[in-house]
Amino acid sequence: MAAVVGLVLGDAWLWAAVEWTSPVYARFYVDGEFDAATIVALLVAALVKAALLWLILRTPAPGPLDRRTRALRRLLYLAVAYSLVLWIPIGMLPDAVDVAFQLVLWTAIDVLYLLVIRWRSRMLRVAAGAIFAVELVGIANELLDELDLPEIGSGNVFGFGMMLGGVAATVITIVGQRRDGRWSRGTQIAGWLSVGDYALMIAISVLFRWDFYANPVAPVVTDVLELVSTVWIAATARELSVGGRPVGLPPARQRAVRIVVAAMVVLPIILLIHPEQTPHLTYTGGSMDCYDRPSFGDLKPTERDAVFLCRARITADGMPPLFPDSLSDQGILGYGRALCRTKDRDEQKAILTRAGSERPAWGADPWDLVYICPEIIGATQPELLQSTKETEDAGAAYVAEENAKCRDPWPRTKGVVQATAKYFLFADGDHGYLVHDPKVEEVEKAAEQATDRLYDDNTLVGAFDSAVLVGHLEDVIDLCLTVKAFRTAPPQRIAGWDQVTEVPVVSRSGHLTVPEADGGEVGAGAPMPNLAIAGKGHYRLRAYIRMGKTGEEHLVTVFPGTSRKKLKLKP
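Residues numbered from 1 in each chain as written. Predicted model: local features only at pLDDT ≥ 70, side-chain atom pairs only at ≥ 80, totals over all residues. Heavy atoms only, no water.

Q: Lay out the overall build of the chain with the relevant residues and their values.
A: For the chain, the count of helices and strands is 17 helices and ten strands. Burial analysis of the chain (571 residues in total) assigns 45% to the buried set. Contacts in the chain between residues far apart in sequence, at least 24 positions, make up 72% of those at least 6 positions apart. Carbon and sulfur atoms make up 59% of the accessible area of the chain, which totals about 29800 Å². (Helix = DSSP H or I, 4+ residues; strand = E, 2+ residues; numbered from the N terminus. Buried < 20%, exposed > 50% of the residue type's maximum accessible area, 1.4 Å probe, protein only. Contact = heavy atoms within 4.5 Å. Areas by Shrake-Rupley, 256 points an atom, 1.4 Å probe, with all protein chains shown as cover.)

Here it is in structure tokens:
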């Protein structure tokens, strides 16, 4: 009935009626209207969940209970209540409270399982105790994580082991139920189905790699599967009072149980089977993992296709994806390998147009294609095959090689502090480099004013307050820079230089320096010293510029001085 009402009121209320959550949550999965497959899945899930709920709410079997058995029944029904409704108010509390509740509840249940179930074997009881302990260790580890305390273990291997511990705890309990004799065959079947649900959910989330926010059918199926465990817990509690005889069901109820079991087995399989024309989608443009671009050399061969699928569907910065989301993984990989074999942009444009791309004229970038055809891309651009460490090492070697090309133009005049290095500029549109006080709050404003003053005359030096911008003669992408700090004004020595200009600069924090590249593409290739050797106060900066044999050379000297004049020592 609730599903019918939801179907009449709209998609959001249909979702709420079937999933037993707020209609607001429907927007997490679909922005617009549900497609036909989602509506069918919700209607089928409504029928199955109604049947499962009927099994859960059946009244307990009559019979005497001792103190331990009564406590176990109450705790099991508390676990059922948590699974159905209590998770909503508890979910409003901090996550640590939820995990602590689960730890206390299942510790008590597992202890009572050991005491109440007639295992009929000391070894089996000991094995059950060990397996229950592993299950509880997993919950305790999760609690430590929520409390930001040192965990018992971490990593995928530990997490997988804890998950298997939970499965093993269910299996050993079912074995105990069978040996005890109080639980019916239907209850044991429900238990085995709950074990099978783990495998089905792993297949859905891992093997089939469904994006839960891109395919709303996945959470519908997993929600139904998780309810089977609740059916088993409820049936375990219901049949606790029966003596050593299994509970039999009337023929009509036996048929109902068979129908429910058949639906639980067949429904996930039907939903996982796609028609041949339906694309298999591993990643969509909105998958969070797709916003990183791992280096080719850091990936295993089995991971490279997935990264290319990410890059082919990503929609970052408002740019349309290379391929549409309607194209399957296999289709994208096929078109991608065809792009690798093209000889020019025109061939790429034709392939992308045929694939339905929204940006065929842009072509495909080699740093994306390298993931699926490294043997082709790597032949012309071997640097794209490097790992992150190899790229960093190559970058550091290049910077060291460039720094080695630069020489101190005043080797005999030593500053209190000094440094010589290659300064790397942007290839286009870079005005020059700054000598500034980096700890001033309004350093960006000072840099903007210095840039505006750079073009007031032909000195190629603009100064404002605590920032000096030094331009360059040629349209270069790097130059050799030497900086020196003196306690008094050094000799002018303008011979051999093309331009020499002296300007005032202020250090308000006791710092004056030049930006460093520090792993980036712009800045000095080596550490730059603090040139404000006298601390806070007024300084003079003299910039020497010339074109040398190895390229453009700059010498910057800084020394204390209160003059506010700009001197063109050699225009």
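Q: Go over the pairing of strand β5 (residues 478-485), please, and point to the residues and values.
A: Counting buried positions along β5 gives eight out of eight residues, so the element sits mostly inside the fold. Burial of the side chains of β5 extends over both faces: Asp478, Cys480, Thr482 and Lys484 are buried on one face and Leu479, Leu481, Val483 and Ala485 on the other. Sheet analysis places strand β1 (residues 417-424) next to β5, joined by eight bridges and oriented antiparallel. Opposite Lys422, over in β5, you have Cys480 as the bridge partner. Note: β5 against strand β9 (residues 551-560), six bridges, orientation parallel. In the strand pairing of β9, Lys484 is matched with Thr557. (Pairing = 2+ DSSP bridges.)

Q: Which residues make up the side chain of Gln188, and what are the values?
A: Mapped onto the fold, Gln188 is located in helix α8 (residues 185-207). Owing to a relative accessible area of 14%, Gln188 belongs among the buried residues under this scheme. Those residues within four positions of Gln188 in sequence are excluded, and the remaining contacts are Ile174, Gln177, Arg178 and Trp183.

Q: Outline the nonpolar core, supporting the account with residue identities and numerical values.
A: For soluble globular proteins, the rule of thumb is that nonpolar side chains tend to be buried together. Ranked by size, the top nonpolar core spans 54 residues in total, and within it Leu52, Leu72, Leu76, Trp106 and Ile109 carry the most contacts. Core analysis: the next-biggest nonpolar cluster, separate from the first, contains 30 residues, Ala421, Leu479, Ala532 and Val556 among them. (Core = buried A, V, L, I, M, F, W, Y, C linked by side-chain atoms within 4.5 Å.)

Q: Let's hear about the sheet that holds β5: which residues, and what values?
A: Spatially, β7-β1-β5-β9-β8-β6-β10 is the arrangement adopted by the seven strands of the open sheet, whose pairing is mixed. One side of each edge strand has no neighbouring strand; the edge strands of this open sheet are β7 (523-524) and β10 (567-570).

Q: I'd like a rundown of the environment of Met163, residues and numbers included.
A: Structurally, the position occupied by Met163 is in helix α7 (residues 156-180). Residues Met163 and Gly138, spaced 25 residues apart in sequence, show a C-alpha to C-alpha distance of 7.7 Å.

Q: A description of the packing of helix α4 (residues 67-91) against helix α5 (residues 95-116) should follow, citing residues and the corresponding values.
A: Two elements in contact, α4 and α5, have axes whose closest approach is 9 Å; the angle formed by their N-to-C orientations is 155 degrees. In this view, α4 runs roughly antiparallel relative to α5, as classed from their interaxial angle. Pair α4 / α5 crosses with left-handed handedness. Taking contact as the criterion, the partners of Arg68, Thr69, Ala71, Leu72, Leu75, Leu76, Leu78, Ala79, Tyr82 and Ile90 in α4 are, on α5, Asp98, Phe101, Gln102, Leu105, Trp106, Ala108, Ile109, Leu112, Tyr113, Leu115 and Val116. Residues that form the contact of α4 with α5 fall into these classes: 17 nonpolar, two polar and two charged. (Axes fitted to C-alpha atoms, helices over the stretch in contact; angles between N-to-C directions. Parallel < 35°, antiparallel > 145°, perpendicular 65-115°, else oblique. Left-handed = near helix turned anticlockwise from the far one by under 90°. Nonpolar A, V, L, I, M, F, W, Y, C, P; charged D, E, K, R; others polar.)

Q: Lay out helix α6 (residues 122-146) in plain terms, naming residues and giving numbers.
A: Look at α6: 36 Å from first C-alpha to last across 25 residues, which is about the 36 Å you get at 1.5 Å a residue. Looking at α6, one finds that the buried residues are Leu124, Ala128, Phe132, Glu135, Leu136, Gly138, Ile139, Ala140, Asn141 and Leu143. In the segment just after α6, Asp148 is the residue with positive phi, at about 55 degrees. (Expected span 1.5 Å × (residues − 1).)

Q: Explain the sheet that holds strand β2 (residues 433-436) to me, and be specific about the residues and the numbers.
A: Judged by pairing direction, the sheet is antiparallel, and its three strands sit side by side in the order β2-β4-β3 without closing on themselves. Each edge of the open sheet carries a strand with a single partner, namely β2 and β3 (461-464). Neighbour-to-neighbour, the strand axes of this sheet turn through a mean angle of 15 degrees, independent of strand direction. Contacts between helix α17 (residues 443-453) and the sheet are confined to β2, β3 and β4 (467-470), with β3 contributing the most and set at about 140 degrees to the helix.

Q: Residues and numbers for unusual backbone geometry, please.
A: Notably, Arg120 is not glycine yet its phi reads approximately 60 degrees, a positive angle. Its location among the elements puts Arg120 in the loop between α5 and α6.

Q: Describe the packing of α5 against α6, listing the residues and the values that go with them.
A: Relative orientation and spacing of two packed helices are given, respectively, by the angle between their axes and the distance between those axes. Look at α5 against α6: their axes get within 9 Å of each other, and the N-to-C directions meet at 170 degrees. What the angle tells us is that α5 and α6 run roughly antiparallel. In this structure, α5 contributes Asp95, Ala96, Val99, Ala100, Gln102, Leu103, Trp106, Thr107, Asp110, Tyr113, Leu114 and Leu115 to the contact, and α6 contributes Arg125, Ala128, Gly129, Phe132, Glu135, Leu136, Ile139, Ala140, Glu142, Leu143 and Glu146. In terms of residue class, the contact of α5 with α6 is made up of 14 nonpolar, three polar and six charged.

Q: Could you give an account of the packing of aromatic side chains, with specific residues and numbers?
A: Inspection of every chain in the model, using the stated rule, returns seven aromatic pairs. Taking 5.3 Å as the distance between ring centres and 45 degrees as the angle between the ring planes, the aromatic pair formed by Tyr423 and Tyr433 counts as tilted. Here Tyr423 is found in strand β1, whereas its partner Tyr433 is found in strand β2, with ten residues between them in sequence. Here Tyr423 and Tyr433 have matching classes, each one buried. It is Arg58 that lies over the ring of Trp54; its NZ or CZ is 5.8 Å from the centre. Directly above the aromatic system of Trp497 lies the positively charged group of Arg546, at a separation of 4.0 Å from the ring centroid. (Phe/Tyr/Trp six-rings, centres within 6.5 Å; stacked < 30°, edge-to-face > 60°. Lys NZ or Arg CZ within 6 Å of the ring centre and 35° of its normal.)

Q: Describe the state of the cysteines, listing the residues and the values that go with them.
A: Following the criterion strictly, the structure yields two disulfides and no others. For Cys340, the disulfide goes to Cys373, at an S-S distance of 1.8 Å. In this structure the cystine formed by Cys340 and Cys373 twists about its S-S bond by roughly -70 degrees; its chirality is therefore left-handed. Residue Cys340 is found in helix α12 (residues 329-340), and its partner Cys373 is found in the loop between α14 (366-369) and α15 (374-380); the two are separated by 33 residues along the sequence. Take Cys340: its relative accessible area is 8%, and that puts it in the buried class. A relative accessible area of 2% places Cys373 in the buried class. Between the sulfur atoms of Cys406 and its disulfide partner Cys480 the distance amounts to 2.1 Å. Looking down the S-S bond of the Cys406 and Cys480 bridge, the torsion is -80 degrees, so its handedness is left-handed. Of this pair, Cys406 sits in the loop between α16 (388-404) and β1 while Cys480 sits in strand β5, and the two are 74 residues apart along the sequence. Residue Cys406 is classed as buried on the basis of its relative accessible area, which comes to 7%. (Disulfide = S-S within 2.5 Å.)

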